[in-house]
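One letter stands for each residue in the lines below.
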Amino acid sequence: MQRRQFIQTATGTSMALSASLFPFAARAAASYNVIVVGGGMAGATAAKYLRLWSRNELSVALIEKDANYVSNIMSNEVLTGKRPSVSSLAYSYSTLASKYGVNRLQGTVTAIDAINKTVTYSSASGNVVLTYDRLVLAPGLDFDLMPGMSSASQYDTLVPHAWKAGAQTTLLRQQLLALPDHQNVVITIPLAPYRCPPGPYERACVIADWLKTNRPNSKLIVLDANSTIQAQPGNFQKAFDGAYGYRVDYRPGCTVTQLQLVAGANTVTFSQNGSTQAVTAAVLNPIPPQRAPALLVDSGLVSGRFAPVNLLSYESTLKPAIHVIGDACSSGMPKAGHIGNQEAKTCANAIVNALKGNQYALAETSPVLNSACFTPLTSSKATWLSAVYQYDPAKGLMVPSTQNGVTQPKVAASATKDNYSDMQKWFSTLMGDTFA
Ligand SMILES: Cc1cc2nc3c(=O)[nH]c(=O)nc-3n(C[C@H](O)[C@H](O)[C@H](O)COP(=O)(O)OP(=O)(O)OC[C@H]3O[C@@H](n4cnc5c(N)ncnc54)[C@H](O)[C@@H]3O)c2cc1C
């Protein structure tokens with residue numbers, strides 16, 4: 001009997017058993033060779049390539065809580081109206097199912113049993129337990145509360161971080177539209193590592209560009225916990241200093257100590273160079289410190305803020321047969337969608353090799369990953385940063401490549417319209433590689 005047939009048989013059997021024996025408990029529904037949790041940039045890519053590279057022989061389930069994925073990449077453009085709405089950034093899972101045979105399940109994974117190799121997810125029809133040979137976790141991030149906040153729901157109603165695109169992105173757009181002229185917008189940036197190193201500075205630029213035309217007397221203040229701009233410092237500093245017709249009041253080394261949340265009149269207290277100061281913000285966009293989700297912490301997969309992994313396979317160094325990819329892992333590379341897509345391929349290759357043997361996928365000893373990040377600085381001009389990382393066996397780390405004598409990362413000289421047009425092509429290629 002082929003392995004695939006065995007899986008289908010086992011699936012039917014376990015469903016029948018669980019329904020009759022445990023009517024009130026979680027139902028054991030099916031076994032899969034690989035279960036992927038989280039259908040974002042990393043998880044969707046992993047599910048697709050696990051099927052492709054195993055020649056459709058590995059059974060793969062993708063459990064994602066939302067009906068569609070909403071891309072964070074390009075979501076800053078929704079804030080300024082350049083993109084009409086977050087729905088223009090929605091990606092369906094239907095092609096992963098119909099073209100590649102990924103079994104897409106909608107629900108929220110609530111528990112992992114690393115010993116019995118099960119995951120439990122809650123769905124519209126109740127709790128379901130699935131078993132796996134390998135588990136791939138790609139759930140993105142959790143966000144800390146900022147000092148002075150009492151509940152994460154304040155991000156949904158008062159001060160959206162919008163660092164996961166969706167309803168908070170729409171709320172931040174609405175708050176900008178309601179901003180009276182002469183009033184401040186304040187963005188706070190957490191200490192690195194955080195999701196998308198250039199992202200906060202990109203956000204500052206596109207909002208400042210929008211204010212220039214729409215609220216010319218308003219000011220944008222950026223309070224950065226880091227001592228320097230974390231990506232493309234030359235390009236962003238030039239933009240902040242007026243190269244594109246707007247200015248940003250950028251303040252490095254600022255530690256936020258208290259937020260006082262009052263709709264339309266928030267106060268941010270912070271320390272900089274040992275002195276305590278405060279600014280008011282009619283629109284406050286606090287980008288919080290980030291960490292691997294509680295599910296991973298509860299499952300013993302996290303050390304510090306993120307999940308340590310073997311960079312040849314993305315298998316957890318703390319629990320066998322569980323792989324962590326994307327922003328939740330500590331790979332030493334930037335937390336970025338393009339990097340998540342590449343990590344997913346290294347991980348899929350290693351799992352196919354482990355489960356099917358090397359006539360399907362080669363044992364990888366020296367992966368090389370590439371990534372690009374395009375950054376709009378105005379509504380029509382963008383810059384970019386690209387980087388190639390290679391595995392350093394002596395250190396066990398991914399390090400900027402020195403191949404061909406090229407220094408990494410590479411950065412665009414300035415923001416141009418050509419870069420903006422290349423950005424659209426890069427984005428649709430990356431999203432196509434992930435979801436289509
Ligand atoms: C404003 C902004 C701009 C950005 N621009 C760029 C850019 O230009 N280039 C770039 O490369 N990157 C960019 N990024 C970063 C990029 O979006 C992230 O690095 C990337 O999305 C991380 O992928 P991920 O798969 O780890 O997480 P996500 O894409 O967040 O996906 C995680 C998925 O897991 C699901 N999930 C979570 N928990 C569970 C659970 N328990 N059960 C079921 N499902 C669950 C979530 O619903 C989500 O769909 C940007 C980010 C932001 C915020």
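Residues numbered from 1 in each chain as written. Predicted model: local features only at pLDDT ≥ 70, side-chain atom pairs only at ≥ 80, totals over all residues. Heavy atoms only, no water.

**Q** Just checking my understanding: could you explain the domain arrangement of the protein for this structure?
**A** When the parts of a complex come together, some accessible area is lost, and that lost area is often used as the size of the interface. Per the domain assignment, the segments of the protein are domain 1 (3–141 + 292–365) and domain 2 (147–290). Computed over C-alpha atoms only, the centres of domain 1 and domain 2 are separated by 33 Å. With 18 residues of domain 1 in contact, the opposing surface of domain 2 contributes 22 residues. Here domain 1 meets domain 2 over a buried area of about 1,700 Å², counting both sides, of which 59% is carbon and sulfur. (Domains from an automatic or database assignment. Contact = heavy atoms within 4.5 Å. Buried area = accessible area lost by both parts, 1.4 Å probe.)

**Q** Quick question: what am I supposed to make of the pattern of salt bridges here?
**A** Proximity of charged atoms lets side chains of opposite charge pair with each other. Under the criterion given, the structure shown has twelve salt bridges. A salt bridge links Asp 327 to Arg 195; its shortest N-O distance comes to 2.5 Å. Highlighted residues: Asp 327 in the loop between strand E19 (322–324) and strand E20 (329–330) and Arg 195 in the loop between strand E10 (184–189) and helix H7 (199–214), separated in sequence by 132 residues. Like Asp 327, the residue Arg 195 is buried in the burial classification. Here Lys 345 ties to Asp 433 by a salt bridge, and the two come within 2.6 Å at their closest N and O atoms. Note that Lys 345 is positioned in helix H10 (residues 337–356) and Asp 433 in helix H11 (residues 417–435), a separation of 88 residues in sequence. For the residue pair Lys 345 and Asp 433, the accessibility class agrees, reading buried in each case. Put simply, Asp 144, Arg 291 and Arg 305 are held in one network by salt bridges that share partners. (Salt bridge = Lys/Arg side-chain N within 4 Å of Asp/Glu carboxyl O. Helix = DSSP H or I, 4+ residues; strand = E, 2+ residues; numbered from the N terminus. Buried < 20%, exposed > 50% of the residue type's maximum accessible area, 1.4 Å probe, protein only.)

**Q** Please clarify how the site of the ligand should be interpreted in this entry.
**A** Taken together, the neighbourhood of the ligand is formed by 33 residues, with Glu 64, Tyr 69, Asp 327, Gly 337 and His 338 sitting nearest. Here Met 41 contributes a backbone N or O atom positioned 3.2 Å from an oxygen atom of the ligand. Take Glu 64: an N or O atom from its side chain is 2.7 Å from an oxygen atom of the ligand. For the ligand, whose accessible area on its own is 1,000 Å², the fraction buried by protein is 97%. (Near = heavy atom within 4 Å. Polar contact = N/O pair within 3.5 Å; in protein donor to acceptor, adjacent residues only side chain to side chain. Areas by Shrake-Rupley, 256 points an atom, 1.4 Å probe, with all protein chains shown as cover.)

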